[in-house]
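# Remarks on the overall topology
What follows is each chain in one-letter form.
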Amino acid sequence: MYTLKQQWFGNVRADILAGIVVGLALIPEALAFAFIVGVDPRVALYASFTIAVITSFVGGRPGLISAATGAMALVLVSLMANHGLQYVLAATILTGIIQLILGGLGVANLMRFIPNSVMLGFVNALGIMIFITQMPYLLGSTSMTYVFAIITLILVYAIPRFFTAIPAPLVAIVVMTSIALISGVKLLTIGDLGTMPNSLPAFFLPDIPLNFETLKIIFPYSVALSIVGLLESLLTSQVLDDMTDTSSNKNKEARGQGIANFVTGFFGGMAGCALIGQSIINIKSGGRGRLSTLTAGVFLLFLIIVLGDIVIKIPMPVLVGVMIMVSITTFNWGSFKFLKQAPKSESLVMLITVAIILYTHNLAIGVVSGVIVSALFFVAKISRVTVTNGLDGYKVEGPLFFASTTKFIQSFDNVTENEVVINFENSQLWDESAVGAIVKVKQKLEQKSVKVQIEGLNSSSEQLYKRLT
Amino acid sequence: MKIAVAIDGSENALRAAKHAITLAQYLPEAHLEVIYVADYDKARDERLLSQSPESLTLKREQKVQPILELAKGVGVKAKVTMLKGNPSQEIIKYVNSEEIDQLVIGSRGLNTLQEMVLGSVSHKVMKHVNCPITIVK
């Protein structure tokens, strides 16, 4: 890991240029995420500014881009619909507190327990959900809406073939907005959803009653936001670690996400986390250090203030087109091959995660269920114990622990010899149940006056056995 | 003499590697450089499709291993270079800066559909490297 000075000033020129590209790339999605939650565009734009700036100082992974994200937006949809913006802000602040505590407790070490099948399920369900959220704006609307959405979609895929300096979604938005303005087509615009900010974000307390009732409303959302935000942030950190061949402090990143959300809530922004797409754009554009993230945030604020009046003229169908692209890139298309090639249990975990998320509309519940199911599958997989009766006695293969003892005991039901040697060379005793099982087998056999001899325990198994008997 | 082969784990790349090994076998004092570029654009999906960062390392290792064994089998000295970034750019940069004498590359790699849209790596590399290049079908 580099020194703080290197993290800030080791790559100044490239960091500033990359930061500007990322700042441009943040706008289309921030607008669209605001539109998913149903909040004023400024709630997402301010959030993207404060989160990017704060994480550039306190995050654990230099070069990581955090801002308003689709995953967090999806969690907030129902809170916004049922209780309104003030509760969204309060939930954001509480999310920050939870993430800060979890980071302090070393939550990143738990990342190991989230298998990639669950992460695949997460991104796939996320892609599908983003796609579904766009459908109401298309289905049953005017044919012009379709035309604008489809042309935008074509543009975002075609532009990078010829021109890569400015992010394609932004170019598409500029082109399509110009066409809409010049041709005078009647389309729903961002201005119809809310006003645009042309001022700096200001500090204020969310206008909510500070009581248990409020906590009851926001707490489940904050827990879900914390889980979703940390999962995506830590996943993105790992991807950047790999891309740059450097390591990063994941618990510091978790705490950084917490601080950023905590502060963002007080400045009227919605909860956010790391953005995989924008972080990769940053690295590809040459960004490596903290300065790139800071530049992205500051440049975004500059754009918000300068472009405020233009942004409200962007037609909604254009954002729908951009969001459909986001959903296509979020979905992992290698998953179909994964389903065919991976072990059945892993495929099933992926499908279960997707199904639960789509059924509950809750990314966090899906992830937690996926982790539980995969843990159960893992226990089932390693709890296979076989006992074979050979010339030199009974050989035990496989680990002996609470989930595998039944089979072990049953293997000695039909012993006919007068003397039995049980060999544990290829086994390991893990817990009380294992020792208990051996004791039980011994008792059972000795009742039938069979002599029992235990052999081949490795040293840790031997210690456990001696300690408990 | 430095002969380099750029591979991506595809069938095509394996054929290119076999050809490069044959060349190295018959050229005096030739040794082989196997170049593998981990594509930035695939970084997210590669991580998602591997169990852990360690298994990702293993998967990349498995892509070059068969080629090293082939080279070893016929007594060709081989060295592996793992790069990260945009495949065509990284290959061009490496080949030009390391003064490679001959580059061998497969005509198309793993992702045919993407290459139809974005243009193939071998095509870009061919235009910008300073040494003779053999494109293997």
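One can find the structure itself at the top, above this paragraph.
The rules behind these values
Residues numbered from 1 in each chain as written. Chains lettered and ligands numbered in written order. Predicted model: local features only at pLDDT ≥ 70, side-chain atom pairs only at ≥ 80, totals over all residues. Pairing = 2+ DSSP bridges. Helix = DSSP H or I, 4+ residues; strand = E, 2+ residues; numbered from the N terminus. Axes fitted to C-alpha atoms, helices over the stretch in contact; angles between N-to-C directions. Contact = placed C-beta atoms within 7 Å. Right-handed = clockwise from strand over helix to strand, strands pointing away. Parallel < 35°, antiparallel > 145°, perpendicular 65-115°, else oblique. Nonpolar A, V, L, I, M, F, W, Y, C, P; charged D, E, K, R; others polar. Buried ≥ 20, exposed ≤ 12 C-beta atoms within 10 Å, placed from the backbone. Core = buried A, V, L, I, M, F, W, Y, C linked by C-beta atoms within 7 Å.

Backbone hydrogen bonds hold the strands of a sheet together, and the pairing may be parallel or antiparallel. Residue and element names in this part refer to chain B. The five strands lie next to each other as 3-2-1-4-5, forming an open sheet whose pairing is parallel. Two strands close off the open sheet at either side, each with one partner strand: strand 3 (78–85) and strand 5 (133–136). Each strand of the sheet is rotated relative to its neighbour by a mean of 20 degrees, with strand direction disregarded. Taken together, the four bridges between strand 1 (residues 2–7) and strand 4 (residues 102–106) define a ladder with parallel strand orientation. Within strand 4, the position partnered with Ile3 by the bridge is Gln102. Helix 4 (residues 87–97) rests against strand 1, strand 2 (31–39), strand 3 and strand 4 of the sheet, and its axis sits at about 150 degrees to strand 2. Packed on one face of the sheet, helix 6 (residues 121–128) meets strand 4 and strand 5 and runs near 165 degrees to strand 5.

Attention now moves to the interface of chain B and chain A. In this complex, chain B contributes 14 residues to the contact, which on the side of chain A involves 18 residues. Listed by contribution, the elements that provide at least two residues to the side of chain B that touches chain A are helix 2 (43–48), helix 3 (53–73) and helix 5 (112–118) of chain B. Of all the elements, helix 2 of chain B adds the most residues to the side of chain B that touches chain A, at five residues.

Now for the pairing of strand 5 (residues 419–429) of chain A. All names here are of chain A. Across six bridges, strand 4 (residues 393–400) lies against strand 5 in parallel orientation. By the bridge assignment for strand 5, Leu400 is matched with Leu429. As a crossover connection, the stretch from strand 4 through helix 17 (residues 405–410) into strand 5 is right-handed. Here five bridges tie strand 5 to strand 6 (residues 451–455), and the two strands are oriented parallel to one another. Bridging from a neighbouring strand, Val421 pairs with Gln453 of strand 6. Crossover strand 5 to strand 6 through helix 18 (residues 432–447) is right-handed.

The subject of this paragraph is the packing of helix 2 (residues 12–37) of chain A against helix 13 (residues 316–330) of chain A. Helix-helix packing is described using two parameters, namely the angle between the two axes and the distance between the axes. Residues and elements named next belong to chain A. Viewed as axis vectors pointing N to C, helix 2 and helix 13 meet at an angle of 100 degrees, and their least axial separation amounts to 10 Å. By the angle between their axes, helix 2 is roughly perpendicular relative to helix 13. Taken together, the residues of helix 13 that come into contact with helix 2 (itself represented by Pro28, Glu29, Leu31, Ala32 and Phe35) are Leu319, Val322, Met323 and Val326. By residue class, the composition of the contact of helix 2 with helix 13 is eight nonpolar, no polar and one charged.

A word on unusual backbone geometry. In this structure, A:His361 is a non-glycine residue whose phi angle is positive, near 55 degrees. Residue placement: A:His361 occurs in the loop between helix 15 (344–360) and helix 16 (363–382). In this model, B:Glu29 sits at a positive phi of 50 degrees, which is unusual for a non-glycine residue. Mapped onto the elements, B:Glu29 comes out in the loop between helix 1 (11–26) and strand 2. The exposure class assigned to B:Glu29 is exposed, which follows from the 7 C-beta atoms found within 10 Å.

What follows concerns the nonpolar core. Nonpolar side chains in soluble globular proteins tend to be buried together. Counting residues in each nonpolar core, the largest one holds 129 residues, and the members touching the most others are A:Ala44, A:Met72, A:Met270 and A:Leu363. Examining the composition of this core, we find that 16 residues originate from one element, helix 2 of chain A, more than from any other. Excluding residues that lie within four positions of it along the chain, A:Leu363 makes contacts with A:Ala71, A:Leu74, A:Val75, A:Phe122, A:Ala125, A:Leu126, A:Val228 and A:Ile357. Judged by nonpolar contacts, the second largest core, of 31 residues, contains B:Ile3, B:Val37, B:Ala38 and B:Ile91.

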